[in-house]
Amino acid sequence: MDYLLNKFASGPKKLKIALIGQSNFAADVLELLLSDGHEVVGVFTIPDKGSREDILAVTAKNHEIPVFKFPVWRKKGVAIPEVLEKYKSVGANLNVLPFCSQFIPMEVIDGAALGSICYHPSILPRHRGASAISWTLIEGDSIGGFSIFWADDGLDTGPILLQKEVEVEDTDTLDTIYKRFLYPEGISSMGEAVRLVAAGTAPKIKQTEVGATYDPPMFKEENQIINLNQPAKRIFNFIRGLDSVPGAIAYAYDENDEEVMIRLFGAQMFDDAVPEGKPLKLKGLSKPALVTDKGLLITGTDGKICNVQRVKKGSKMISSSKWFDQSSGQVTLELTDAEKAIETSLKGIWESILKVDVTEDTDFFACGAGSMDVVRLIEEVKDAYDVSLENETLFMAPTFQEFFIQVILASRQGGSAGEVNVEYEGFVLKANKREISVPTQLFINGKFVDAENGKTLDIINPTTEEVLCKVALASRNDVDTAVKAAQEAFYGSWSQVSARQRGQLMFKLADLMEQHKEELATIEAVDSGAVYTLALKTHVGMSIDVWRYFAGWTDKIEGSTIPVNPARPNNVLTFTKREPIGVCGLITPWNYPLMMLSWKMAACIAAGNTVVIKPAQACPLTALKFAELAVKAGFPPGVINITAGTGSVTGQAIADHPLVRKLGFTGSTPIGKKIMTSCAESNIKKCSLELGGKSPLVIFSDCDLDKAVRLGMSAVFFNKGENCIAAGRIFVEEKIHDEFVRRVLKDLKTMTIGDPLNRSTAHGPQNHRAHMEKLVEYCEIGVKEGAKLVAGGKRVPGMKGFFFQPTVFTEVEDHMFIAQEESFGPVMVISKFSGNNVEAIVKRANRTEYGLASGIFTKDISKALLFAEQIEAGTVFVNTYNKTDVAAPFGGFKQSGFGKDLGREALNEYLKTKCVTIEF
């Protein structure tokens with residue numbers, strides 16, 4: 001080993017450096033050398049491309065360093081005298097070549113007293129030549145790295161000054177290995193090398209010729225053509241060696257059997273079961289490739305498979321899974337004034353990088369931009385608009401207009417947005433002095449689409465008993481499409497959205513819901529029979545609240561560190577991570593269509609999952625209108641999917657689907673049991689169930705009777721009794737029983753039954769005919785078993801619509817059917833009890849398989865606390881009822897199900913905990 005010995009050997013000296021090269025890499029090396037105190041006496045770089053000046057020249061000018069731009073340094077192998085003279089004029093004693101694409105004559109290489117040092121991105125002598133990084137990957141090297149060497153008259157053959165290695169990962173591409181190691185470590189090592197030269201301690205290690213390779217330059221198009229007649233791993237390595245610039249070339253055959261040049265990106269080895277797909281003929285491939293929802297599957301000569309994620313055709317990058325569906329799905333945006341200003345300033349950023357006049361159709365890459373220009377654009381967009389995009393965004397949207405749309409959609413995740421025009425087929429609901437456009441198609445992967453075979457379902461207006469509209473009826477295949485879209489979004493676009501951005505999206509959605517709350521409440525009233533004023537306050541109002549509540553949680557989902565016993569002398573760090581589960585299925589009931597969707601979906605989305613939901617068969621319209629607002633809020637395609645349909649087909653398909661990892665269900669206990677079975681038998685899904693209830697309300701004689709009557713009636717008749725926590729059985733102490741009943745019957749006479757859109761209406765129609773008929777049957781059983789019917793019990797006579805009279809039974813004994821089973825309607829079931837024995841009445845209240853909610857009215861705090869302690873119910877109300885809040889957990893015990901909606905605990909239903917232990 002020889003060391004550089006010179007007149008500076010007595011100690012580090014400032015050098016006079018000539019920097020020769022181009023690119024951001026060279027510019028950063030320049031900044032480092034200046035920070036180390038060296039004098040850069042001249043920068044020699046490439047000429048401008050059109051009006052585009054290389055970043056090294058720009059950086060040098062900012063530091064007032066002389067800049068020289070030579071198209072060539074020599075002609076016919078001889079140094080150009082004028083060029084040589086200009087080089088000599090700067091008086092450099094060291095030449096530094098961080099990245100140089102030009103041939104530099106030996107008169108320059110040897111023209112500095114201390115010589116010339118060069119950066120080369122391989123472990124020399126392997127991969128000499130201009131495309132070393134690509135060949136490191138193409139050859140499948142397990143070790144990569146770079147060399148800094150002393151230039152001589154050979155091609156990358158000079159003595160080694162220093163080398164650094166890195167393990168090549170299976171997931172590395174040309175871009176990733178450059179960004180994670182070759183670029184940052186290369187810059188710092190160039191600084192280190194110059195410091196060694198300045199100190200007189202820089203080694204000169206002669207290169208061995210053992211293992212030396214000279215590889216073809218990959219900037220020549222003929223060298224970029226992939227050989228598909230080889231093992232899959234070789235195909236994979238070739239593609240990643242040219243990813244993301246320029247891309248491996250292959251030739252596909254179009255529908256006319258003509259060759260079409262394409263470039264391949266995003267290669268992965270594929271080990272899963274081969275999914276269904278459509279064949280695509282590729283030149284040189286004996287067996288056609290397969291276009292699937294997983295990507296483009298190419299089978300190598302060894303029978304193994306390489307999966308290609310992206311294909312570039314002309315200037316357009318597309319997902320390879322969309323090869324046969326290349327029609328434009330670009331959304332139309334209505335821009336705010338602020339967004340119009342972004343368009344203008346973004347155009348300025350493009351022009352500053354490309355140095356050309358930019359129009360809507362300007363293609364970033366067709367203008368000569370390279371990989372570092374991509375990095376610069378993405379970073380400038382982040383700085384200017386606080387929008388984080390991936391490099392792939394530009395590759396998938398390379399024209400200015402396409403990229404601008406992506407910037408705006410990303411910015412709308414956190415800011416005020418103009419209107420997004422959402423296309424769908426539907427109908428115009430004329431009601432409540434409004435004309436409301438309502439979608440009637442399925443909502444899958446960000447678009448409204450028809451169901452398979454065009455099947456539809458009649459939606460009946462419960463007030464008029466007339467068909468309101470026809471809604472698309474999802475099949476098992478429709479559910480499969482929705483689930484796969486959710487799966488793709490979970491591992492794709494949704495995974496790129498940060499927790500805080502997720503919250504901003506949810507806040508935006510809540511704002512849109514509030515802007516459209518009258519429309520949503522009107523749809524809910526017409527579709528489900530909910531009284532409009534109640535729909536406005538509760539159905540819609542609480543939905544808005546729950547989206548805002550969980551939006552605040554998105555960036556506060558945290559793990560913990562855990563002190564564990566280390567194996568001395570080593571230390572151990574153990575921590576947990578809370579992670580989203582994946583694709584979640586939701587099946588919601590018909591009593592609160594929008595609110596039940598929101599209770600479950602808001603927590604699900606806040607946790608980072610994607611979702612496929614089946615809203616209630618009888619009233620899916622607010623869910624579909626909600627989907628329209630989700631698009632306008634900026635949710636990426638596939639995150640939210642809404643599949644209206646029947647429980648037996650659509651709901652069952654969600655419960656059975658192997659890609660669904662969590663199911664949230666609200667409905668009856670018998671169906672809940674079937675759901676639980678399906679979750680177990682399909683793939684051991686995590687599930688949460690909110691099922692039937694027979695909630696007891698106990699009223700002691702020492703209560704505030706006025707309040708007990710008022711809230712007791714609300715506990716039963718709220719939302720027409722279609723309320724999961726309705727007081728299914730009221731226990732009234734004997735002393736006040738008759739007075740309680742008298743006041744209830746009196747107040748019933750003042751309850752207005754009628755059109756739910758009428759502001760004076762207190763009691764609207766039941767949700768659907770079958771439910772109304774079930775209530776009639778329920779009351780007939782009560783009478784037959786000996787309970788005393790003192791009010792109602794039948795359909796409202798002479799009135800069109802599914803109107804059922806508010807009903808009151810007294811003298812109900814514990815063994816009776818109506819004392820045990822839920823009516824889910826406006827039926828008050830009253831039983832007496834005597835004395836102040838709290839434990840005795842709690843035993844009676846607990847004598848049911850349900851345990852959703854409960855309540856007590858008393859002025860004795862001891863009674864209240866004892867009741868709260870002993871009652872077997874998930875919710876206990878004391879001197880109130882129906883007092884739910886988005887921050888308070890909600891869920892039942894026993895056959896009322898398990899799991900929680902609302903509150904912080906609801907997040908647990910949609911998260912999994914991972915434990916990580918590190919020994920060091």
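Residues numbered from 1 in each chain as written. Predicted model: local features only at pLDDT ≥ 70, side-chain atom pairs only at ≥ 80, totals over all residues. Heavy atoms only, no water.

An unreviewed UniProt entry annotates the protein as 10-formyltetrahydrofolate dehydrogenase of Lutzomyia longipalpis. A UniProt comment under Catalytic activity (unreviewed entry) is attached to the protein, and it reads "(6R)-10-formyltetrahydrofolate + NADP(+) + H2O = (6S)-5,6,7,8-tetrahydrofolate + CO2 + NADPH + H(+)". (UniProt positions renumbered as here; feature names shortened; annotations may be inferred.)

**Looking at the packing of aromatic side chains**
Evaluated as defined, the whole model comprises 26 aromatic pairs. Taking the centre distance of 5.3 Å and the plane angle of 85° together, the rings of W590 and F824 count as edge-to-face. In this pair, W590 is assigned in the loop between β29 (583–587) and α16 (593–606) and F824 in the loop between α23 (817–820) and β38 (827–833), connecting sequence segments 234 residues apart. Take F824: its relative accessible area is 16%, and that puts it in the buried class. Stacked on the ring of W150, the Lys or Arg K204 has its end atom at 4.7 Å from the ring centre. Taking the ring centre of Y251 as reference, the NZ or CZ of K283 above it sits at 5.6 Å. (Phe/Tyr/Trp six-rings, centres within 6.5 Å; stacked < 30°, edge-to-face > 60°. Helix = DSSP H or I, 4+ residues; strand = E, 2+ residues; numbered from the N terminus. Buried < 20%, exposed > 50% of the residue type's maximum accessible area, 1.4 Å probe, protein only. Lys NZ or Arg CZ within 6 Å of the ring centre and 35° of its normal.)

**Structural notes on the packing of helix α14 (residues 517–528) against helix α15 (residues 532–551)**
In the contact formed by α14 and α15, the axes pass within 9 Å of each other and the chain directions differ by 120°. One way to sum up the angle between α14 and α15 is to call them oblique. Between α14 and α15 lies a crossing of right-handed hand. Of the residues in α15, those in contact with K517, E518, L520, A521, T522, E524 and A525 of α14 are Y532, A535, L536, H539, V540 and I544. A breakdown of the residues in the contact of α14 with α15 according to their chemical character gives eight nonpolar, two polar and three charged. (Axes fitted to C-alpha atoms, helices over the stretch in contact; angles between N-to-C directions. Parallel < 35°, antiparallel > 145°, perpendicular 65-115°, else oblique. Left-handed = near helix turned anticlockwise from the far one by under 90°. Contact = heavy atoms within 4.5 Å. Nonpolar A, V, L, I, M, F, W, Y, C, P; charged D, E, K, R; others polar.)

**Considering the sheet that holds strand β28 (residues 572–580)**
The three strands are arranged β27-β28-β44 in an open sheet whose pairing can be described as antiparallel. Every other strand in the sheet has two partners, leaving β27 (561–562) and β44 (911–919) as the edge strands with one partner each. Bridging between β28 and β44 involves nine bridges; their strand directions are antiparallel. Of the residues in β44, the one forming a bridge with L573 is I918. (Pairing = 2+ DSSP bridges.)

**Focus: the pairing of strand β3 (residues 39–45)**
Counting buried positions over the seven residues of β3 gives six, a clear majority of the element. The pairing of strand β2 (residues 16–20) with β3 spans five bridges and is classified as parallel. Within β3, the residue paired with I20 across the bridge is F44. In this region the chain leaves β2, passes through helix α1 (residues 23–35) and returns to the parallel neighbour β3; the handedness of that crossover is right-handed. (Right-handed = clockwise from strand over helix to strand, strands pointing away.)

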